[in-house]
Amino acid sequence: MPNPSPRGTYLTISEALRARIAEGAYPDGLPSEAEIGREFGVARTTVRRALRALEEAGDVTTVAGVGRQVGGDAQMAPYKRIMTDLLERMRAGELPAGARLPSEAELSEAYGVARGTVRRAVHELEVAGHVQAQHGVGRFVSPAS
């Protein structure tokens, strides 16, 4: 950064990012903290303060598993998207009560996400009572779904 001040540097960075957001420079989300830090030549904690300032102002939203998105363009977290889709399939009868869910590997490939993401989605469905696990057999749609 040219002539960075020891105090308030994060404000300078947040203003620069805010200007880029207004110009439409980040349609697919903001760069990583590391990339921003390299660009401005500052520590990651300074970048985090700048990004927090943008979040508090509503210019940026953090979405788990996706990253920082511009304002209202935030996407649903991948595990929630999978949960929503599986629930819709259950309600539509595509996955009726007692039906076996696809394996974690199949869901991972179908949604283009890591198995851990699928595991979280299915676990959340289990906790909510929509899915029942049978050890060594698989996961099945609950009769009450």
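The coordinates are above.
Since the model is a prediction, treat every value here as computed from it, not as a measurement. (Residues numbered from 1 in each chain as written. Predicted model: local features only at pLDDT ≥ 70, side-chain atom pairs only at ≥ 80, totals over all residues. Heavy atoms only, no water.)

Novice: Help me out: how do you make sense of the pattern of salt bridges in this one?
Specialist: Side chains that differ in charge, positive against negative, can pair when their charged atoms come close. A complete count under the given rule lists twelve salt bridges for this structure. A salt bridge links Arg 18 to Glu 15; the nearest nitrogen and oxygen atoms lie 2.4 Å apart. Here the residue Arg 18 and the residue Glu 15 both occupy positions in helix α1 (residues 9–23), the gap between them amounting to three residues, near one helical turn. Note on Glu 15: relative accessible area 45%, which makes it partly exposed. (Salt bridge = Lys/Arg side-chain N within 4 Å of Asp/Glu carboxyl O. Helix = DSSP H or I, 4+ residues; strand = E, 2+ residues; numbered from the N terminus. Buried < 20%, exposed > 50% of the residue type's maximum accessible area, 1.4 Å probe, protein only.)

Novice: Teacher, can you tell me more about the packing of α1 against helix α3 (residues 44–56) here?
Specialist: The relative placement of two packed helices comes down to the angle between their axes together with the axis-to-axis distance. Their axes nearest at 8 Å, the elements α1 and α3 cross at an angle of 55°. In this view, α1 runs oblique relative to α3, as classed from their interaxial angle. Our pair here, α1 against α3, has a crossing hand that is right-handed. Of α3, the residues touching α1 (which contributes Thr 9, Tyr 10, Ile 13, Ser 14, Leu 17 and Arg 18) are Thr 46, Arg 49, Ala 50, Leu 51, Ala 53 and Leu 54. Looking at the contact of α1 with α3, its residues break down into seven nonpolar, three polar and two charged. (Axes fitted to C-alpha atoms, helices over the stretch in contact; angles between N-to-C directions. Parallel < 35°, antiparallel > 145°, perpendicular 65-115°, else oblique. Left-handed = near helix turned anticlockwise from the far one by under 90°. Contact = heavy atoms within 4.5 Å. Nonpolar A, V, L, I, M, F, W, Y, C, P; charged D, E, K, R; others polar.)

Novice: Help me out: how do you make sense of the packing of aromatic side chains in this one?
Specialist: What describes a pair of aromatic rings is the distance from one ring centre to the other and the angle between the planes of the rings. Across all of its chains, the model carries zero aromatic pairs by this definition. Lying over the aromatic face of Tyr 10, Arg 49 brings its terminal NZ or CZ to 4.1 Å of the ring centre. Over the aromatic face of Tyr 79 sits the side chain of Arg 120, whose NZ or CZ is 3.7 Å from the ring centroid. (Phe/Tyr/Trp six-rings, centres within 6.5 Å; stacked < 30°, edge-to-face > 60°. Lys NZ or Arg CZ within 6 Å of the ring centre and 35° of its normal.)

Novice: Which parts of the structure should I look at to understand the nonpolar core?
Specialist: Taken as a class, soluble globular proteins show a tendency for nonpolar side chains to be buried jointly. Core analysis: the largest hydrophobic core is formed by 20 residues, its most contacted members being Ile 82, Leu 86, Met 90, Leu 101 and Leu 125. Secondary structure elements with two or more residues in this core: α4 (78–91), α5 (104–111) and α6 (115–127). Among the elements that make up this core, the one with the highest residue count is α4 (six residues). Discounting chain neighbours no more than four positions away, the residues touching Leu 86 are Leu 95, Leu 107, Tyr 111 and Leu 125. Listed in part, the 14 residues of the second largest apolar core include Ile 36, Phe 40, Val 47 and Leu 51. (Core = buried A, V, L, I, M, F, W, Y, C linked by side-chain atoms within 4.5 Å.)

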